[in-house]
Every structure is written in C-alpha cells, then in structure tokens.
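Commentary on secondary and tertiary structure
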Amino acid sequence: MLIDTHSHYYGEALFHRLAMRNGVPRVVVEAGQRFMVTPTSRFALRGGFVDLTDRLAWMDQQGIDHQLMTFPGALGPEVLPAAEAIVITRDVNDELAGVVRAHPARFSALAGLPMADVDACILELERAMGQGLRGAILPANYFLSIAGMAALDPLFAAADRLGAHLMVHPGQRHDESLEPRTWPDLTMHRASTIELHGVITHALLTLIHSGALQRFPRIGWQVVNLGGQFPFVVERMDHIVATRDPAAPRPSALLGSIVFDCASLGPRALEMAVKVFGAERVMFGTDYPIFATDVSRQALRDADLSAGQRAMVAHGTARTSLGIGR
C-alpha cells in the first residue's frame, strides 16, 4: 500500500472564483489555456490540477492507493480579506468534500480556512469537518514566532475539540503582501528551495516550543517537506542548548507526535529524516500536481532503509496518524 500524504487539488470552484480577480492570486486565459498566477509563480492548469480522471490514472500508474488532498496552499486565496476568503474557501472545501464522497477509497482531504478572521476559521473548520474533511492546511508564516502562532489559539482549541489533522505548509499570512519577493539572481533556487525550507524549519521550531503539543493533545500535526532543514541542523541545535542553556530541553526531544511528509525530496534526505525522526514519524508524499513526476516514489525505492522502515514511510505512519487504510 502506498499513501500520498501531501497533494493539492485546485478544481473548478477555485478557477471560477479566481477568474473574477485582477490581483494576485488570479486565473488568466490565453489562447484557450488557463494559467494560475500566484505570489511566487505562474503555471498552466491542466491534467491532475482539475481533472480527476487524469489524477486517478496518474495514481494508478504510480501505484498510489490513497491520496490526502488539500486546499491549494501557498497560492494566497485563503489569506485574502476575510469577506473574499470566506467565499473561496467554502466553495473549494465543498468541492473537495464532493470528491471525497465520490471516491472515499482513494481520497481524503484537508480544508482551507479564511485566515484573516479566526472566528470564521473556526466556523469553516467545523463545517468542513462535518462534511467529511479531516482538518485543515495552515500557512507556515503564522508559525514564524510564538506570539504569531498564539493568535491562532482559539482555532487550535476548536481543532483539538474536533480531533483535527493540521498540516503546516508554506504560505503567507493575511497581513503580508502577496507580491513576489524580489531577488538579485537565482530566484528559482532562492525562493523555491532555500527560503521555503528555511520557513518550514522556523515553523517547526516555533511549534515545538509553543506548548501547543501539550495544550492541544488531540490535534494531529503534520509538517511538510521533512521539516525543512531540521533533520540536518537539529544536532547543532541540541549542542547549542547543551552548552549555553543546559537545563533547557533539547529540541530533538520536543517533537511529540508530529509527523512529516517527504514530498519533493530525494533518497538521501529521506534517509536522514528516518534516522533523526524515526520511520514512525515519516510519511510518503508527492506534492502532486506541482511535482507530477515519480521523484518521491523513486526516493522511497532508492533510500537505504530496512523493509520495515520503507513500509512505515509508504503507508504505516499515515495509517496510524490519519487512520487511512485501516
């Protein structure tokens, strides 16, 4: 069994709403082809972005039994002004719920929330989970400081009550500009890898030191892309604590029950994450349809893991943390 725990679905509901917009994010049509314009990129909308037949065919080709789909994080619609974001997230979440109802053996889903209004977030999380969604995807920039994360405590309390699964995924806050950050050069690498994984690392650091794991024990937490740079730097972090604040807990001991997906990363990164986190915390993920290749499947196949570790990453951790395939 192969369970993909990191994929996104765009769908006609999102296209319909974003086609009405002039600013970022928006959908434009050129020569009969639709393009998504986001804070960081522009890409054609075809195939698995919206076509479930194409998506299911890709899953079958890759040997993927089940996919956890999310509201399309990092595009920006969930952090638009509340009145607009409420309508967009509701419509897309309804479409996601419809897909899950039509294909319950193949798909689970996480909702998008209108992040500019915490009360509206709570109402939408309750409504979406009432329709069968498992939780929500949250922009990582809300996790760049303990104070910033604390502003979401009412949402976390609701998520804890509901037993929600929350995915921390790259994305802006509602009070940040959606205009792309400019770089002097090498923008593709600086924005899409270096900065992105730095943000994920900061978010994970905030999460484990915030006390949220203890205060909201019924939330299932997922941090994407193997926790950013954390597996590589955690030994240094522990060493710094040991030498400068020896009475403080080591970061490596604060992870609680957080799980991590390996979307878009290679076999060496996967090996390191399994050694640092343990296979019981690591899950297979693809970031489909942004990454539509078999990179993640090849990474799982090529990584130097035992058969038991490979099985945990392929499906065991997802079955335990998400209840998929039980």
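Residues numbered from 1 in each chain as written. Predicted model: local features only at pLDDT ≥ 70, side-chain atom pairs only at ≥ 80, totals over all residues. Heavy atoms only, no water.

1. Notes on the sheet that holds strand 7 (residues 135-139)
Strand order in the open sheet formed by five strands is 7-8-9-10-11, with parallel pairing between adjacent strands. This sheet does not close on itself; its edge strands, each paired only once, are strand 7 and strand 11 (282-283). As paired elements, strand 9 (residues 220-223) and strand 10 (residues 259-261) share two bridges and run parallel to each other. Across the sheet, residue glutamine 222 finds its bridge partner in strand 10, namely valine 259. The strands touched by helix 7 (residues 187-209) are strand 8 (165-169), strand 9 and strand 10; relative to strand 9, the strand with the most contacts, the crossing angle is about 155°. (Pairing = 2+ DSSP bridges. Helix = DSSP H or I, 4+ residues; strand = E, 2+ residues; numbered from the N terminus. Contact = heavy atoms within 4.5 Å. Axes fitted to C-alpha atoms, helices over the stretch in contact; angles between N-to-C directions.)

2. What about the pairing of strand 2 (residues 26-30)?
Here five bridges tie strand 2 to strand 3 (residues 33-37), and the two strands are oriented antiparallel to one another. Looking at the pairing, valine 29 lines up with arginine 34 of strand 3. Between strand 2 and strand 3, which follow one another and run antiparallel, lie two residues, and alanine 31 among them has a positive phi close to 50°.

3. Focus: the sheet that holds strand 3
Judged by pairing direction, the sheet is antiparallel, and its three strands sit side by side in the order 2-3-4 without closing on themselves. Either end of the sheet is taken by a strand with one partner, and the two such strands are strand 2 and strand 4 (42-44). The mean inter-strand angle of the sheet, taken between neighbouring strand axes irrespective of direction, is 30°. Where strand 3 meets strand 4, three bridges bridge the pair, whose relative direction is antiparallel. Looking at the pairing, valine 37 lines up with arginine 42 of strand 4.

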